[in-house]
Each structure stands twice: as C-alpha cells, then as structure tokens.
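# Report on the structure
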Amino acid sequence: DKGEFKHYMLKEIYEQPDAVARTLEMAIDNHAPNALRTDFLERHGEQLSGVRYVQVIACGTSYHAGMVAKYWFESITRLPCSVEVASEFRYRNPVVVDNSLVICISQSGETADTLSALRDIKKQNPAGLVSLALCNVPTSSLVRETDIFLPTLAGPEIGVASTKAFTTQLVALMLLMLKTGHVQGRIDDEALSNHISELQKLPGQLYASLHLDAPIKAMAEHFEDKKSCLFLGRGLQFPIALEGALKLKEISYIHAEGYAAGELKHGPLALVDKDMPIVVLAPKDSMLDKLKANMQEVHARHGELFVFASETSGIEAEDRLHLVNVNDVCETLSPIIYSVPVQLLSYHVAVLRGTDVDQPRNLAKSVTVE
Ligand code: F6R
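Quick caveat, the model's predicted, so the values are computed rather than measured.

## Some thoughts on the sheet that holds strand β9 (residues 304-310)
Reading across from one edge, β7-β6-β8-β9-β10 is the order of the 5 strands in this open sheet, with parallel pairing throughout. Both edges of this open sheet fall to β7 (255-260) and β10 (321-326), since each of them pairs with a single strand only. Between one strand axis and the next, the sheet turns by 20° as a mean value, whatever way the strands run. Sitting on the sheet, helix α12 (residues 238-252) touches β6 (228-233), β7 and β8 (277-282), and the angle it makes with β7 is about 175°. Set on the sheet, helix α13 (residues 288-300) makes contact with β6, β8, β9 and β10; between it and β8 the angle comes to about 170°.

Take a look at the structure:
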C-alpha cells in the first residue's frame, strides 16, 4: 500500500529514517550507547577475529554500498578490502586469499551472479573462509548458503529502484566493520563509542534531509529536457555519485555517469558545455578543497552545476551554480545522508518526464537470470 504517496519509491525514500533506526537497533542499545550489543553477531565473534582480508561481491546499487564499505574497512580498521561486481568476479578465476571474509550484498538474496560468485568461492575452499550475506530477505538463497546472515531491516522494497535497501546496507556494513575492528583490537573502546554516538544521530539527520524535498523538486525542473548528466564526488562520495547516476538513468532514462571528480581532466571534461548538468556532492570533508577546484574546472567551461553541499562548505549559489544546503554531518557517515538528495532528484526528474517510476522499462526487481 502506497498510502499517501504517489509511488512506492517515494514512500520508500521517506521510510529511511525508520528503516535505518531498526537496522541500528540490531547492534546498538539506546540504554547502553557506548558499546555494541553483546548479542550482535554474538555467535560469530571468533570467525570475525580471524579475518585478514575482506572481499565484497555485489551488483548494481548493492555494489555501490560495497564501495563505501571498502573506504570504511581500509581507513578505519586497516584490513585490506576489495569490491567487485559479481558478473566480473565469477568469470575471471580470481584469487581468494586465506582468511577472507566474503561479504555478498544483495537486497533480494536471489541475484544470479552474486550467488554464482559465492558458490565458486566456496568451491575453491580457501582456508579460514567466512561467508556473509548482507540481505533484506531472510528466506533467500543467499542467506541459506552463507555462514553469517546480517540482515538489513528495510522492510519489503517494492520500487525497482533501490533506496531504503541501500541506506540500510550502508548502516549494516558500518556495524559489521565496527564489530570486526573491535574484536580484532583495531578499534578501541573510545573510538567505538564515538562511532556509535554518530550512528545514533542518523535517523534524525535522515529525517532532516527529507525536508530538502521541495528545493530538490524545484531543481529537478532544470533536468527535464536534458540528454546527459554527470555526477561528481570524491572519497566517500564517489560511490554516491555512481549511485546517483544509476538512479537517474534507471528511472528517468536520462543518460548519466558518476565520476570521481579527480578524473574529470582525464576525459569527461571534454563533455562539459552549457547544456550539461553536473551534480556535485560536497559535504564538508577532507576532500572539499580539491572538490571545489574540480567545480571550478567545470564552471570555467560553462557547465551548469547542481550542488548538494554542507551549509558550512563556503559554497554559495551564483550564476550557473544551483545550491541545496545539506545539514552538516560527520564525514564517515556522510554517504548515508547524501544518498537522500540524489534519490529525491532522480525521483522528481522521472516524475516530470512521466516515466514509470516504480517499474522502469526493461528492468526487474530481482535478477535471477544471468
Ligand atoms: C538499482 C537496483 C539494481 C540492484 C541490483 C542488485 O536501483 O535496484 O541495480 O541493486 O540488481 O540487486 P540485489 O541487491 O537484489 O542483489
């Protein structure tokens, strides 16, 4: 039931504060906010303590969640982490090193390529293999075939374009990273407690980000007749740029590409002219100055910038620079918050163009064939 909403996708975007709060409750007890709940992945502490390498396998939006997890695992726990789309991983005879944690991310748990990649790894049988399903459907094949089930508690996702499944995947990956880092002594009690207190702010911050709906709807009008679009981000926002581009092409049928902003001058800058909208994700983070330089490169070529920026970023609206301010959030969790404006932008552009938002042409919710 869509209730008051015109589409399932919009309803699911609005469900994110609750979905994230539920997913957090698996691991965080509001009455004991300085540590992870003892029952979170309780039976798997020993398995996780032996992990020396993290391999993420997924497709589409779930792959983008995995990309964020790589930044988190490596920068916070110093455990090496690779991420690959399942359809490539399974056909290239990859090396799976001993003591790997293989994280298969899938909303449905039935994605054929992800399942096959997992089966191939199990066949290789590397020493100390720990397989984990990060999945929204507890009864799925993926959950049955892995050692550990880490649920996303998004609730059923009906819209083909994934929204609340994505943000809850990010939250669950953060929790898994914290648990693994903590059992291995790579994250101390104080750091853990700091991460947890930031996580607890997420539902409220997501709720606040939904207030951007009206300004983003106004922004969407500039995209209605566009042919092509770029999404730029750096660091933790690079995967969100990819996700924003995927959402836009999927539901509005406008060609879009996500780029790491530092790659601009290695090719895509040639595309930039006055007809090219460029969406930029600009939280106040360690990459902001470099990102501003990239924005300048685009602006100088008469590209039209659509910027989601932290209120304290120092970025101001000007000619050919449209701005929507996002509340300040901690850098580590910024990809979760910045997912919302790119979802809303894609949604409103698609509605303006009159496409079938919940059932885009040629796509299925669950891709059970190769
Ligand atoms: C995009 C989208 C797809 C899925 C992909 C993987 O909005 O929904 O890209 O993310 O097909 O699906 P799951 O997560 O079910 O394995």
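## Topic: the pairing of strand β4 (residues 130-135)
Where burial is concerned, most of β4 is hidden: 6 out of the 6 residues are buried. On β4, burial covers both faces: V130, L132 and L134 on one face and S131, A133 and C135 on the other are all buried. Where strand β3 (residues 100-106) meets β4, 6 bridges bridge the pair, whose relative direction is parallel. Following the sheet pairing, S106 is matched in β4 by C135. The parallel pair β3 and β4, bridged by helix α6 (residues 112-124), forms a crossover whose chirality is right-handed. Both β4 and strand β5 (residues 148-151) contribute to a ladder of 4 bridges, which runs parallel. Looking at the pairing, L134 lines up with L150 of β5.

## As for the pattern of salt bridges
Within the structure shown, the criterion is met by 15 salt bridges. With its nearest N and O atoms 3.0 Å apart, the salt bridge here joins D39 to R37. The shortest N-O distance in the salt bridge between K365 and E157 comes to 2.6 Å. One end of the pair, K365, is in the segment after α14 (334-353); the other, E157, is in the loop between β5 and α8 (164-183), and 208 residues separate them in sequence. Taken together, the salt bridges that share partners define one network made up of K11, E15 and K164.

## Regarding the side chain of K179
Its location among the elements puts K179 in helix α8. Among the polar contacts listed, one links the side chain of K179 to the backbone oxygen of F40, at a separation of 3.1 Å. Ignoring sequence-local partners within four residues, the contact set of K179 consists of L36, F40, L41 and L48.

The rules behind the values
Residues numbered from 1 in each chain as written. Predicted model: local features only at pLDDT ≥ 70, side-chain atom pairs only at ≥ 80, totals over all residues. Heavy atoms only, no water. Pairing = 2+ DSSP bridges. Helix = DSSP H or I, 4+ residues; strand = E, 2+ residues; numbered from the N terminus. Axes fitted to C-alpha atoms, helices over the stretch in contact; angles between N-to-C directions. Contact = heavy atoms within 4.5 Å. Buried < 20%, exposed > 50% of the residue type's maximum accessible area, 1.4 Å probe, protein only. Right-handed = clockwise from strand over helix to strand, strands pointing away. Salt bridge = Lys/Arg side-chain N within 4 Å of Asp/Glu carboxyl O. Polar contact = N/O pair within 3.5 Å; in protein donor to acceptor, adjacent residues only side chain to side chain.

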